[in-house]
Amino acid sequence: MTAAAGRRLRVLVIAPSRHPIRQPHAGGLEAAVWDRVRALRAAGHDAVLVASHGSDFLDRTPEALRMPAVVWGATRSSDAVYPPGYLDGVARVLDELMDRLAADPGAFDLIDNHSLHPIPIARSAEHGIPMRTTLHTPPLPELVEAAAAAGPGHAFVSVSAHTASEWRRTGVASTVEPNVVDAEAWPLGRGGARLVWFGRIVPEKGPHLAIEAAEALGRRLVLAGRVGDVEYYERAIAPRLGRAVRHVGPLRRRRLARLVGASGCALVTPCWDEPFGLVVAEALTTGTPVVAFDRGGIREVVGDLPGAALVPPGDVGALAEAALRLGSPGAAERERIRERALERFSSAGRIARLVAQAGVAPAPTRAAAPPVPASLAPRLLRIVDPGDGAEAGA
């Protein structure tokens, strides 16, 4: 659906605050939000992003509604904690946002919430705007508590049935809406002999186990991703780097997709129960086979797809054997792997389903509107001031 085929909606997207929403993506959550805003705007809708300084798509977001950037100073960065006082700054921005929405509930048709902070959920009843919160993580106590105060127009969506079941046990009901993949961003690759591992380099993602499997097979391995735990990286990863194992750091999506597509097999080695497992879908979309530990929602992602295998969690021997068994498929088999992956994970139609949750009846067909039409300005500009400097959005 495009805006030309129905009503052009005003959608407020609230991002997680730890990392900017830009490339190279800090993780799967940030990538999913980046894709969401980009797709909404490409479909002709007014998508306003509330995210940290340095994010893309902030051209319609006033300074007061930009969350602070994480600054670590002399301390080491970490995905497990925040710098002192950081969350207080985030809370001030989110409270200001909720105050503005309560004062003008007609400013947006839908709120698409991906924040891991409780304020957007806890204060949703104050503005009454249709709102959906996507549950990307295992249950967080502060979000569970906030859900009890959510407004009647607030819907919860989980990225997998596994995640939905975990939240259901805390009393939070949700529908299941798996993550999707942009087919153009993850094109069919030619394959190759090496192995690849990509994601956040943290203990729960287990890249050290991918290294062990590659060593057992005597195959080269490339690791791609941001270091989210410096101590873990220096202890378990850095000493094992060399000609056979390389770490190329975080990559922008085009380069990452080329790397994955030019590999013979992707190793997915979670040491925790993955809420979804986006790297599985991304690798398969390039035609690259995947061997993964069977944890959390990964079984749902793999399903019965060709070119994918599940092995017992933590079993490096089984991981290596499965990678050897899958081999390096030829062009025809890689194309079949990609086609089946796209049947399940293609992003086509996702925006139409999202927009439908705004509860707005379609309008007659009309030409696409300009970025900020004058007819919307009186209401929209009370929250969004386009005079604040534009930033990149592509």
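Values in this document were obtained by computation on a predicted structure and should not be read as measured data.

**Student:** Got a minute to help me understand the nonpolar core in this structure?
**Tutor:** Considering soluble globular proteins, one finds that nonpolar side chains tend to be buried as a cluster. Counting 31 residues, the largest nonpolar core has Trp-186, Leu-256, Val-280, Leu-284, Val-290 and Phe-345 as its most contacted members. Residues in contact with Val-280, not counting those within four places in the same chain, are Val-268, Val-290, Ile-298, Val-301 and Val-302. Counting 27 residues, the second largest nonpolar core, distinct from the first, contains Trp-197, Ile-237, Val-311 and Ala-323.

**Student:** Please explain the packing of aromatic side chains as it appears in this structure.
**Tutor:** The description of an aromatic ring pair rests on the distance of the ring centres and on the angle between the ring planes. Evaluation of the coordinates by the stated rule reveals four aromatic pairs. Consider the rings of Trp-34 and Phe-57, whose centres lie 5.7 Å apart with planes at 55°: the pair is tilted. Of this pair, Trp-34 sits in helix H1 (residues 28-42) while Phe-57 sits in the loop between strand S2 (46-50) and helix H2 (86-103), and the two are 23 residues apart along the sequence. Judged on exposure class, the residue Trp-34 and its partner Phe-57 are both buried. With 5.5 Å between their ring centres and 10° between their planes, Tyr-82 and Tyr-86 make a pair best called stacked. Residue Tyr-82 is classed as partly exposed on the basis of its relative accessible area of 29%. The exposure class assigned to Tyr-86 is buried, which follows from its relative accessible area of 6%. The ring centre of Tyr-82 lies 3.9 Å from the NZ or CZ of Arg-18, which sits over that ring.

**Student:** For this particular structure, what's the right way to read the sheet that holds strand S4 (residues 131-135)?
**Tutor:** Adjacent strands of a sheet pair through backbone hydrogen bonds, lying either parallel or antiparallel. Read from one edge of the open sheet, six strands run S2-S1-S3-S4-S5-S6, paired in parallel fashion. In the strand order of this sheet, the two ends are held by S2 and strand S6 (175-176), each with one partner. Sheet analysis places S4 next to strand S5 (residues 154-158), joined by five bridges and oriented parallel. Following the sheet pairing, Thr-133 is matched in S5 by Phe-156. Seen against the sheet, H1 touches strand S1 (10-14), S2, strand S3 (110-113) and S4 and runs at an angle of roughly 155° to S2.

**Student:** Explain the pairing of S1 to me, please; I cannot follow it from the model alone.
**Tutor:** Across the five residues of S1, five count as buried, placing the element largely inside the fold. Of the two faces of S1, both are covered, the one formed by Arg-10, Leu-12 and Ile-14 as well as the one formed by Val-11 and Val-13. One ladder, built from five bridges, connects S1 with S2; its direction is parallel. Its bridge partner being in S2, Arg-10 is matched across the sheet by Asp-46. For the handedness criterion, the β-α-β arrangement of S1, H1 and S2 is classed as right-handed. One ladder, built from four bridges, connects S1 with S3; its direction is parallel. In the sheet register, Val-13 faces S3, and the bridge partner there is Asp-112.

**Student:** I keep staring at the confidence of the model for the protein chain and nothing clicks. Help me out?
**Tutor:** Predicted coordinates in regions of low pLDDT should not be interpreted in detail. Of all residues in the protein chain, 88% attain a pLDDT of 70 or more, and the chain-wide mean is 88. Confidence over residues 1-5 falls short of pLDDT 50; this stretch has 14 contacts with residues more than four positions distant or in other chains. Contacts for the low-pLDDT stretch residues 360-394, under 50 throughout, to residues beyond four places or in other chains number 72 contacts.

**Student:** What is the right way to read the environment of His-53 from this model?
**Tutor:** Tracing the backbone through its elements, the reader meets His-53 in the loop between S2 and H2. For the pair formed by His-53 and Pro-20, sequence separation is 33 residues and the distance between their alpha carbons is 6.5 Å. When sequence neighbours within four positions are dropped, the list of residues in contact with His-53 reads Pro-20, Leu-58, Glu-63, Arg-66, Met-67, Pro-68 and Ala-69. Side chain to side chain, His-53 and Glu-63 meet in a polar contact 2.9 Å long.

Analysis parameters
Residues numbered from 1 in each chain as written. Predicted model: local features only at pLDDT ≥ 70, side-chain atom pairs only at ≥ 80, totals over all residues. Heavy atoms only, no water. Core = buried A, V, L, I, M, F, W, Y, C linked by side-chain atoms within 4.5 Å. Buried < 20%, exposed > 50% of the residue type's maximum accessible area, 1.4 Å probe, protein only. Contact = heavy atoms within 4.5 Å. Phe/Tyr/Trp six-rings, centres within 6.5 Å; stacked < 30°, edge-to-face > 60°. Helix = DSSP H or I, 4+ residues; strand = E, 2+ residues; numbered from the N terminus. Lys NZ or Arg CZ within 6 Å of the ring centre and 35° of its normal. Pairing = 2+ DSSP bridges. Axes fitted to C-alpha atoms, helices over the stretch in contact; angles between N-to-C directions. Right-handed = clockwise from strand over helix to strand, strands pointing away. pLDDT = per-residue confidence, 0-100. Polar contact = N/O pair within 3.5 Å; in protein donor to acceptor, adjacent residues only side chain to side chain.

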